[in-house]
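Understanding the architecture of this molecule
Residue-level listing of the chains:
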Amino acid sequence: MIRHGSLRLRLFILILTPLVLLAILLGYWRYTVARETAQELFDDSLLSAGLAISRDVAVSDGDALSPTTRSLIRDASGGEIFYHVTGPGGIYVTGYAYPPASANPTKQDVYQPQFFEAVYRNEQVRVLKMTERVTLDNLVGDATVTAWQRIADRNAFANELSIRAAILMGILMATLGFVVWFGVARGLRPLLDLQDAIDLRSPDDLSKIKRPVPTEVRGIVQTLNRLFGQVEDSINAHQVFISEAAHQLRNPAAAVQSMAEALRDAKTDEDRDKRIVELVAAAKNSATVAEQLLSLERLRQPTHQDQMEKIDFRLVVEEACAEMGVHILANGIDFEVTMPESAIMVTGDRVFLTEAIKNLLDNAVKHGGAKLSRISIVLFCDGGNVKLTVADDGTGLSPAQSEAAFSRFSQLEYSEGSGLGLSIVSAVAKRHGGVVAINQVEKGASVTLELPIAL
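Just so we're clear, the structure is a prediction, and the values are computed from it rather than from any experiment.

Looking only at helices and strands, the protein chain has 10 helices and 12 strands in total. Counting all 455 residues of the protein chain, 35% fall into the buried class. Surface exposure of the protein chain reaches about 27,300 Å², of which carbon and sulfur atoms provide 57%.

Printed below as a string of structure tokens:
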């Protein structure tokens, strides 16, 4: 959802998410450290209270605690402090009657302060137990002070500190989110300005975008400029094609109209029959030109994988030869086809390949001249390619004339052709990853179509 949504929201989430996760980790670490630090501080406070109680008991012979000690006990940061004091021989001196005892007493120096956790009146408490040598009423012995605090009070104090830290961190994160949200909007401003600039363009304006943009956007602008250039080139190519097509179709259309008018005005049956033959020829020529123009336009379109299939190229050659052979033989021209017996597989469009071969044969017939008496086709494999050579003994064609021969609407000399045949062959070869070339021969013309063999 984010992938196809707002870029601003996406950047906001990408920037803020790791910061929030980091804040959570830091908050947990800070809470843990705070609890440990608070535990140490509270234990120090408990120890200070225990020492103060022990001092007051020794000074007052167990009668009373000083106001300062009482204030310390009442206002300790870890909560109220409870205490129990015994004198030499375990005699009760002052404080609460029954102090909590350790469930697992440890053997250590009796005069070292001991901290442990216990249960007092069904509540968890933190206990300090310390023993000192004192003198009470001329009695010398050990006095033991036991002081304790509720753990719940300590936790409440620690939680209060944590909540304050969390609120502070929340305020910082909210402020950071606010800054990031509007900062991203500010950073995306050049993109929005670029969009506005493109929106102001007219549909015919395909010129390059020249406005200054940030480094991160230059790739997009370069891609747009390249696309604009390709679209402009495509439009120009279509306009040139339409102009040339209109020019090429004008002559056949005019010829058909002229033949039809001549047929209408024919005065004798013999003249009428002659005009009919000429009209049919002109109509066929006009249809051929239109068909070739459509083929060229189809070849300009991108290749789709569903149009390409694995086919036996021999069958394509046989199909084209069967269709053109009748016309060639009807003109009194010898026609010879030589091809291997085994299949030759290529990947391509059967319709385009057939049309390319037919155009090679049609070109030989139309441009062979009066000396044309023989056309041959030779199909053979050469390494990883298959080669189809169409040769004739007519007027002739040399490699030096390749540029003119393969150009659209170009003819080396006047003929019935439209100048599109070899350009179609060249486009088909390029579409199939092959090449077409004019061979150097002593007599006539020889053109070879070369295609890669399918693996």
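There is more to say, and it comes next.
Here the focus is the nonpolar core. Judged by nonpolar contacts, the single largest core of 42 residues is most densely connected at Phe313, Leu361 and Ile375. For this core, the elements supplying multiple residues, two or more each, are helix 7 (313-330), helix 8 (350-367), strand 9 (374-382), strand 10 (385-392), helix 10 (421-431), strand 11 (435-438) and strand 12 (445-452). Residue contributions to this core peak at 8 residues, all from helix 8. What Phe313 contacts, discounting residues up to four positions off in sequence, is Ile344, Val346, Leu353, Ile357, Leu379, Val386, Leu388 and Leu451.

Using the criterion set out here, one finds 10 salt bridges in the structure. Between Asp43 and Arg126 there is a salt bridge whose closest N-O contact spans 2.9 Å. Taken together, the positions of Asp43 in helix 1 (residues 7-59) and Arg126 in strand 4 (residues 123-136) put the pair 83 residues apart, joining distant regions of the chain. Summarising the burial analysis for this pair, Asp43 and Arg126 share the class buried. When the shortest N-O distance is used, the salt bridge between Arg350 and Glu319 registers 4.0 Å. Of this pair, Arg350 sits in helix 8 while Glu319 sits in helix 7, and the two are 31 residues apart along the sequence. Among the charged side chains, a network of salt bridges with common partners joins Asp43, Glu117 and Arg126.

Hydrogen bonds between backbone groups are what pair the strands of a sheet, and the pairing can be parallel or antiparallel. Read from one edge to the other, the open sheet built from 5 strands follows the order 7-9-10-12-11, with strand pairing classed as mixed. Among the strands making up the open sheet, the edge pair consists of strand 7 (334-338) and strand 11. Geometrically, the sheet is characterised by an average inter-axis angle of 15 degrees between neighbouring strands, direction not taken into account. As paired strands, strand 11 and strand 12 are joined by 4 bridges and run antiparallel to one another.

Accessibility expressed as a relative area gives 14% for Arg126, which makes it buried. A polar contact of 2.9 Å, which involves the side chain of Arg126, links it to the side chain of Asp43. When neighbours within four sequence positions are excluded, Arg126 is seen to be in contact with Gln39, Asp43, Leu46, Phe115, Phe116, Glu117, Ala147, Trp148, Gln149, Ile151 and Arg154.

On strand 11, burial follows the alternation: Val436 and Ile438 on one face are buried, whereas Val435 and Ala437 on the facing-out side are not. Counting the residues that bridge the hairpin from strand 11 to strand 12 gives 6 residues, and of these Gly444 lies at a positive phi of roughly 75 degrees.

A negative phi holds for most residues other than glycine; trans holds for most peptide bonds. One non-glycine residue with positive phi stands out, namely Arg121, at about 55 degrees. Relative to the helices and strands, Arg121 resides in the loop between strand 3 (114-120) and strand 4. We classify Arg121 as exposed; its relative accessible area is 65%. The backbone of Asn122 shows a phi angle near 65 degrees, a positive value even though the residue is not glycine. By the element assignment, Asn122 lies in the loop between strand 3 and strand 4.

On the secondary structure map, Ile24 appears in helix 1. Ile24 sits in the exposed class, given a relative accessible area of 53%.

Scored by pLDDT, the protein chain has a mean of 79; 84% of the residues are at 70 or more. Ranking the helices and strands of the protein chain by mean pLDDT puts strand 10 first, with 94, and helix 2 (residues 67-74) last, with 70.

Residue pairs spaced three or four apart in an α-helix point in one direction, given the helix's 3.6 residues per turn. Taking 1.5 Å as the rise per residue, helix 7 with 18 residues should run 26 Å; its terminal C-alpha atoms sit 26 Å apart, in good agreement. The backbone nitrogen of Arg314 lies 3.1 Å from a side-chain oxygen of the residue at the head of helix 7, namely Asp312. Phi for Gly332, located one or two positions after helix 7, is positive at around 75 degrees.

This paragraph deals with a nonpolar patch on the surface. Side chains of Val20, Leu21 and Ile24 sit close together on the surface and give an oily, nonpolar patch of about 270 Å² of accessible area. With respect to the element layout, Val20 can be found in helix 1.

As a further point, take the packing of helix 8 against helix 10. The contact between helix 8 and helix 10 brings their axes to 9 Å, and the two run at 150 degrees. Of the two possible hands of crossing, helix 8 and helix 10 adopt the one that is left-handed. Here helix 8 contributes Phe352, Leu353, Glu355, Ala356, Asn359, Leu360 and Asn363 to the contact with helix 10, which in turn contributes Gly421, Leu422, Ile424, Val425, Val428 and Arg431. Class assignment for the residues of the contact of helix 8 with helix 10 results in 8 nonpolar, 3 polar and 2 charged.

Below, the discussion takes up the side chain of Ser446. In this fold, Ser446 is placed in strand 12. In this structure Ser446 touches Thr389, Val390, Ala391, Ala437, Ile438, Asn439 and Val441, once residues within four positions along its chain are discounted.

Another point: helix 3 (residues 151-187). Here helix 3 spans 52 Å end to end across 37 residues, near enough to the 54 Å set by a 1.5 Å rise per residue. Within the span of helix 3, buried status applies to Ile151, Arg154, Ala158, Ser162, Met173, Gly177, Val180 and Val184.

So, on to the environment of Val145. With respect to the secondary-structure elements, Val145 resides in strand 5 (residues 139-150). Separated by 13 residues in sequence, Val145 and Glu132 place their C-alpha atoms 8.4 Å apart. In contact with Val145, other than residues within four places in its own chain, are Gly50, Ile53, Ser54, His84, Val85, Leu128, Lys129 and Met130.

Now for the environment of Met130. Mapped onto the elements, Met130 comes out in strand 4. It is 6.6 Å that separates the C-alpha atoms of Met130 and Thr146, two residues lying 16 residues apart in sequence. Beyond its immediate sequence surroundings of up to four residues, Met130 is in contact with Leu47, Gly50, Leu51, Pro113, Ala143, Thr144 and Val145.

Thresholds applied
- Residues numbered from 1 in each chain as written.
- Predicted model: local features only at pLDDT ≥ 70, side-chain atom pairs only at ≥ 80, totals over all residues.
- Heavy atoms only, no water.
- Helix = DSSP H or I, 4+ residues; strand = E, 2+ residues; numbered from the N terminus.
- Buried < 20%, exposed > 50% of the residue type's maximum accessible area, 1.4 Å probe, protein only.
- Areas by Shrake-Rupley, 256 points an atom, 1.4 Å probe, with all protein chains shown as cover.
- Core = buried A, V, L, I, M, F, W, Y, C linked by side-chain atoms within 4.5 Å.
- Contact = heavy atoms within 4.5 Å.
- Salt bridge = Lys/Arg side-chain N within 4 Å of Asp/Glu carboxyl O.
- Pairing = 2+ DSSP bridges.
- Axes fitted to C-alpha atoms, helices over the stretch in contact; angles between N-to-C directions.
- Polar contact = N/O pair within 3.5 Å; in protein donor to acceptor, adjacent residues only side chain to side chain.
- pLDDT = per-residue confidence, 0-100.
- Expected span 1.5 Å × (residues − 1).
- Patch = residues over 30% accessible without salt bridge, like charges linked within 9 Å, V, L, I, M, F, W, Y side chains within 5 Å.
- Left-handed = near helix turned anticlockwise from the far one by under 90°.
- Nonpolar A, V, L, I, M, F, W, Y, C, P; charged D, E, K, R; others polar.

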